[in-house]
Amino acid sequence: MADDSNRSVRLLCRPKQVNTKGSDPGIHFWLIGSPFFPPLTVASFLRRIHALPDLPKESEDLRTLIPKGFEVIGALASGDDTDARAAADAARGLRNLLHGEGTDRPVIGAVCGSDSGDLRFFVSESGNAARLEAVTSVIEERDPEKYVWENGCLLHCELPIKLPLYHGLKNSSDVEKAYVQATEAVIAKLRDPQAVYMLETSNKTSQDIPPPVIIRGAQLDFYTDFSKIKPLAEGDDGFDASSLSCSYFSISSRAGSPVFSAENADTIQVSVLFNSLGSSSASTVPVAEYVPVQEEARLLAVDIKLDVLCYSSRELPLKYAVSSLIIPGLVNQLNIVQKLMLPNLLAQHPRLKSYHFSPPGVLHPITVFYELSFGETEMKQVEVRRSLHSRWGLPYDRPLLRISNALDFSKLTNNDIVSLRKGSTLLRDVHIGIPSSGVTGGTVSLVQGSYEYFHYLQDGYNDSGWGCAYRSLQTIISWFRLQNYTSIEVPSHREIQQTLVEIGDKDPSFIGSREWIGAIELSFVLDKLLGVTCKVINVRSGAELPEKCRELALHFENQSTPVMIGGGVLAYTLLGVDYNEASGDCAFLILDPHYTGTDDLKKIVNGGWCGWKKAVDNKGKNFFLHDKFYNLLLPQRPNMV
């Protein structure tokens, strides 16, 4: 093995995600990069789940999961440096299955010490596959989201297709042949010079929406490799489609600091228009083709909806975005659906639909096919999701890949803090961007995931003076809804009271009253409506609450759910703590349900209705009363995917 000190591997995700300690030697992870990144840039680690040498099965899974614009660039094995060769060979074999024999790019053979856990990287060049070069320079990107999305964008294309299949009743194999022929016909249409592709921005909230761009099939180039595509010169803004890049649809200015993520990326919507008629000055008449059959036949209509998501550099010319990303993505999905459909075509054929997800910790979107004939809680679907969680290193106690988690491009708007829940106009995640706590050297532990802010007088309901715990409960339930642990609506005050009566905690006269509730009642409601268990911390005085900061920090790090604090006649929602373990200094991130104004974010933050509170402020005033006991309700995450 040679040493190459002039090359560097750039890691966009943290190596600690790839712990193989105690594992058997062999390939454990695929390394994912992008042709739009510099060579040897690793965007994610994808776990291998099929036993090698079953590369075809791995390639089938990865063809679905990894969007066009990302690709396999290497493999990681457990063992010593001698195992780097096997990793590089496996990666090259997988690339050949996914992208064809003509992929002349270097691949990474990485090894992780079985005991030490140290990562070492080697490069295999396509021209000299037998030679491995050690790479000693490894760069860990400090802001990987910015690296991926500052100069990147998404292309999204939905294409509904109805395939009419004629087949003889006596020969079931005829329908399979008809399906394959119909699929081939659709693929030919996608590449036809008469096909038309309309590209437009999916961001309809911008004031300066660029006009759509039309690209015709005759303008497309299906044979140029990404490495040979030259980016367009900056400032080349001619309106001919061949002279426009993806940056044509970029949003030039956004309010506030940009958020770099798949959810906030510029998205180009691509529509496919099949034009079967060429331009002609001669008049024509419709033509019907009659094909006689030799035996009794049947017509089977198969409805398919392709849904493709691709990643691209903003500098890529639009015509190459269509020919090298969108069309290959549509062809991939057609072939995937064909393989899944054929075994049960004459029976109840599968109801397949693709969904796109952006799970936490994964820098790029992923695509998953789900069989909608099964409910999400059925064991078959649970096992599919559990396998996907294993692939991407996602926790097994969080439903991150349920259908309700999927990216919804009809709702995605940039820098929008209003809830995506249908019909809801409530503020969401109001703590984001608030000033720091003032704790020197502290560690901030926060709620993870989204919630809605419920407070007094919302929805025209006057609960001022008695409804703060109800509002805190509504905020907590909204968190479970938005994290897709439940699909129930956030209950009203009356529905909360009804629940407590149903379980026997309150008398029927409680319904419609203005009686307070506390942490214990909240735990009963969460258990009844959501099946969520809670931990309760009791303190005899508000003066003791700072002593619970370490325990609260562990809660936010492990459970990450909002906490209800009840003391005397007041209730608050706790969203996090900032705690210096050495000095004991701490601050509490409080979301106050006693706010009675309009849902004006600036007014809420500036008024301190959402902000950091110290137990004793600079003026010596106690935030938590010393003559009152407090109960803290810590909801626990359900263990589910």
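Since this is a predicted model, take the numbers as computed values, not measurements.

### Describing the environment of tryptophan 392
Take tryptophan 392: it is sitting in helix 6 (residues 379-392). Residue tryptophan 392 is classed as buried on the basis of its relative accessible area, which comes to 7%. C-alpha of tryptophan 392 to C-alpha of glycine 361: the two residues are 31 residues apart in sequence and 8.8 Å apart in space. Excluding residues that lie within four positions of it along the chain, tryptophan 392 makes contacts with Ser44, Leu46, Leu65, Val362, His364 and Ile366.

### Comments concerning the packing of aromatic side chains
Going through the model one piece at a time under the given rule, you end up with 21 aromatic pairs. A centroid spacing of 5.1 Å and a plane angle of 85° characterise the contact between phenylalanine 588 and phenylalanine 624, whose relative ring orientation is edge-to-face. Residue phenylalanine 588 is located in strand 20 (residues 586-591), and its partner phenylalanine 624 is located in the loop between strand 21 (610-613) and strand 22 (630-635); the two are separated by 36 residues in the primary sequence. The exposure class assigned to phenylalanine 624 is buried, which follows from its relative accessible area of 1%. Three or more aromatic residues link up through ring pairs in this structure, and these residues are Phe36, Phe37, Phe70, Tyr147, Trp149 and Tyr311. Lying over the aromatic face of phenylalanine 222, arginine 191 brings its terminal NZ or CZ to 5.1 Å of the ring centre.

### Side note on the environment of glutamate 141
Residue placement: glutamate 141 occurs in the loop between strand 8 (132-140) and helix 3 (144-149). By relative accessible area, which is 24% here, glutamate 141 ends up partly exposed. Separated by 100 residues in sequence, glutamate 141 and threonine 41 have C-alpha atoms that sit 9.8 Å apart. At a separation of 2.8 Å, a polar atom in the side chain of glutamate 141 contacts the side chain of arginine 10.

### So, the environment of arginine 191
Take arginine 191: it is sitting in the loop between helix 4 (173-190) and strand 10 (196-201). Arginine 191 sits in the partly exposed class, given a relative accessible area of 39%. Once the C-alpha coordinates of arginine 191 and glycine 217 are considered, the two residues, 26 residues apart in sequence, prove to be 6.4 Å apart. In this structure, arginine 191 is in contact with Phe222 and Ile327, ignoring residues within four places of it in sequence.

### Quick look at helix 4
Compared with the 26 Å implied by 1.5 Å per residue over 18 residues, the 26 Å span of helix 4 between its first and last C-alpha is a close match. Taken residue by residue, helix 4 has Val175, Ala178, Tyr179, Ala182, Thr183, Val186, Ile187 and Leu190 as its buried positions. Along its buried surface, helix 4 packs onto strand 9 (152-168), strand 10, strand 12 (267-273), strand 13 (297-313) and helix 5 (318-341).

### Considerations on the sheet that holds strand 12
Strand order in the open sheet made by the five strands is 11-10-12-9-13, with mixed pairing throughout. Every other strand in the sheet has two partners, leaving strand 11 (213-216) and strand 13 as the edge strands with one partner each. The mean inter-strand angle of the sheet, taken between neighbouring strand axes irrespective of direction, is 20°. In the packing of helix 4 onto the sheet, contacts are made with strand 9, strand 10, strand 12 and strand 13, and the angle to strand 9 comes to roughly 140°. The strands touched by helix 5 are strand 9, strand 10, strand 11, strand 12 and strand 13; relative to strand 13, the strand with the most contacts, the crossing angle is about 140°.

### What to know about the pattern of salt bridges
Taken as a whole and assessed by the stated rule, the structure comprises 23 salt bridges. With a shortest N-O distance of 3.0 Å, arginine 120 and aspartate 81 are connected by a salt bridge. Pair noted here: arginine 120 is in strand 7 (residues 119-124) and aspartate 81 is in the loop between strand 5 (71-78) and helix 2 (84-99), with a separation of 39 residues, a long-range link. Taking relative accessible area as the criterion, arginine 120 reaches 39% and is therefore assigned partly exposed. Residue aspartate 81 is classed as partly exposed on the basis of its relative accessible area, which comes to 27%. For aspartate 429, the salt bridge goes to arginine 428, with nearest N and O atoms at 3.8 Å. A relative accessible area of 14% places aspartate 429 in the buried class. We classify arginine 428 as buried; its relative accessible area is 17%. Salt bridges sharing common partners tie together Arg7, Glu125, Arg131 and Glu133.

### Some words on helix 10 (residues 549-558)
Within helix 10, the full set of buried residues consists of Cys549, Leu552, Ala553, His555 and Phe556. Along the long axis of helix 10, the arc covered by the buried residues comes to 155°, so they all point the same way. Packing partners of the buried residues in helix 10 comprise strand 16 (443-446), strand 18 (563-567), strand 19 (570-579), strand 20 and strand 22.

### Here we look at the nonpolar core
Formed by 63 residues in total, the largest nonpolar core has its most connected members in Ile517, Leu526, Met564, Ile565, Leu574, Phe588 and Leu632. Looking at this core element by element, the count peaks at eight residues for helix 7 (residues 468-482). Apart from residues lying up to four places away in sequence, isoleucine 517 is in contact with Ala469, Tyr470, Ile496, Leu500, Phe510 and Leu522. Within the second largest apolar cluster, 51 residues are counted, among which are Leu163, Ile304, Leu318 and Leu345.

### Notes on the packing of helix 7 against helix 8 (residues 493-502)
Interhelical geometry of helix 7 versus helix 8 gives an angle of 90° and a closest axis separation of 10 Å. As far as their axial angle goes, helix 8 and helix 7 are roughly perpendicular. Here Tyr470, Arg471, Leu473 and Gln474 of helix 7 come into contact with helix 8, specifically with His493, Ile496 and Gln497. Considering only residue class, the contact of helix 7 with helix 8 consists of three nonpolar, three polar and one charged.

Definitions and cut-offs
Residues numbered from 1 in each chain as written. Predicted model: local features only at pLDDT ≥ 70, side-chain atom pairs only at ≥ 80, totals over all residues. Heavy atoms only, no water. Helix = DSSP H or I, 4+ residues; strand = E, 2+ residues; numbered from the N terminus. Buried < 20%, exposed > 50% of the residue type's maximum accessible area, 1.4 Å probe, protein only. Contact = heavy atoms within 4.5 Å. Phe/Tyr/Trp six-rings, centres within 6.5 Å; stacked < 30°, edge-to-face > 60°. Lys NZ or Arg CZ within 6 Å of the ring centre and 35° of its normal. Polar contact = N/O pair within 3.5 Å; in protein donor to acceptor, adjacent residues only side chain to side chain. Expected span 1.5 Å × (residues − 1). Pairing = 2+ DSSP bridges. Axes fitted to C-alpha atoms, helices over the stretch in contact; angles between N-to-C directions. Salt bridge = Lys/Arg side-chain N within 4 Å of Asp/Glu carboxyl O. Arc of directions from axis to C-beta. Core = buried A, V, L, I, M, F, W, Y, C linked by side-chain atoms within 4.5 Å. Parallel < 35°, antiparallel > 145°, perpendicular 65-115°, else oblique. Nonpolar A, V, L, I, M, F, W, Y, C, P; charged D, E, K, R; others polar.

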